[in-house]
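# Notes for the structure review
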Amino acid sequence: MTRNETTERIIIAKLTKQLSWKQLADAIGMSKEWTTAALLGQMTLTMEQAAKIGALLELPEEAVAQLQVVPYKGSVTTAIPTDPLIYRFYELINVYGTTFKALIHEEFGDGIMSAIDFNMALEREPDPKGDRVKIVMSGKFLPYKAY
């Protein structure tokens, strides 16, 4: 069983059992954001976490094993994403990427924001003109080293 097949099984089982990403996250004691990334193939679960998810979703042993394998990260398979929601993030980076870069460099110096030492929270923000998506990202600053 491949990691992609495991992901497909997870999505089908989640739908069939009418579980939310948050319920799955609560089952393993992790955030809904990290758990969703993990179950969609972008993070590695511990043996205990994989076993709990496997039992909850009735996954075969091969799928439970795949959840514990370090994945090939990066789920967008095209240079320019075609899914409208994912494309908007691409567009956001195209428009504001240089702004993020300029402000981070001004505040912290020459370096990057880590996607390894990283936290994210996503929530609904009620608004009379239409609910908003609020995403908070927090990554450790890693300065470039001079040598």
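Here is what the cut-offs are and how they apply
Residues numbered from 1 in each chain as written. Predicted model: local features only at pLDDT ≥ 70, side-chain atom pairs only at ≥ 80, totals over all residues. Heavy atoms only, no water. Axes fitted to C-alpha atoms, helices over the stretch in contact; angles between N-to-C directions. Helix = DSSP H or I, 4+ residues; strand = E, 2+ residues; numbered from the N terminus. Parallel < 35°, antiparallel > 145°, perpendicular 65-115°, else oblique. Contact = heavy atoms within 4.5 Å. Nonpolar A, V, L, I, M, F, W, Y, C, P; charged D, E, K, R; others polar. Left-handed = near helix turned anticlockwise from the far one by under 90°. Core = buried A, V, L, I, M, F, W, Y, C linked by side-chain atoms within 4.5 Å. Buried < 20%, exposed > 50% of the residue type's maximum accessible area, 1.4 Å probe, protein only. Phe/Tyr/Trp six-rings, centres within 6.5 Å; stacked < 30°, edge-to-face > 60°. Lys NZ or Arg CZ within 6 Å of the ring centre and 35° of its normal.

## Focus: the packing of helix H2 (residues 21-28) against helix H3 (residues 32-39)
To describe two helices that pack against each other, one gives the angle between their axes and the distance between the axes. Where H2 contacts H3, the two axes come as close as 8 Å, and the packing angle between them is 95°. By the criterion of interaxial angle, the relationship of H2 to H3 is roughly perpendicular. Side by side, H2 and H3 meet where Trp-21, Lys-22, Leu-24, Ala-25 and Ile-28 of the first sit next to Lys-32, Trp-34, Thr-35, Thr-36 and Leu-39 of the second. Taken together, the residues of the contact of H2 with H3 sort by class into six nonpolar, two polar and two charged.

## Quick notes on the packing of H2 against helix H4 (residues 47-57)
Relative orientation of the contacting elements H2 and H4 amounts to 135°, with a least axis distance of 9 Å. One finds that H2 runs oblique with respect to H4. When you trace H2 past H4, the crossing you get is right-handed. In contact with Leu-24, Ala-27 and Ile-28 of H2, H4 contributes Gln-49, Lys-52, Ile-53, Leu-56 and Leu-57. Per-class residue counts for the contact of H2 with H4 are six nonpolar, one polar and one charged.

## Considerations on the nonpolar core
With 15 residues, the main nonpolar core has Leu-39, Leu-45, Ile-53, Leu-57, Leu-59 and Leu-67 as its most contacted residues. Per element, the largest residue contribution to this core is three residues, and it comes from H4. Not counting residues within four places of it along the chain, the set of residues in contact with Leu-59 comprises Arg-9, Ile-10, Ile-53, Gly-54, Val-64 and Leu-67.

## Side note on the packing of aromatic side chains
For the structure on display, the rule yields two aromatic pairs. Geometrically, the ring pair formed by Tyr-87 and Tyr-90 is tilted, given 5.7 Å between the ring centres and 40° between the ring planes. You can see Tyr-87 and its partner Tyr-90 sitting in helix H6 (residues 84-108), three residues apart, about one turn around the helix. Arranged with centres 5.0 Å apart and planes meeting at 25°, the rings of Phe-108 and Phe-141 form a pair that is stacked. Pair noted here: Phe-108 is in helix H6 and Phe-141 is in strand S2 (residues 132-143), with a separation of 33 residues, a long-range link. The exposure class assigned to Phe-141 is buried, which follows from its relative accessible area of 19%. Over the ring of Trp-21 we find Lys-14; its NZ or CZ atom is 4.8 Å from the centre of that ring.

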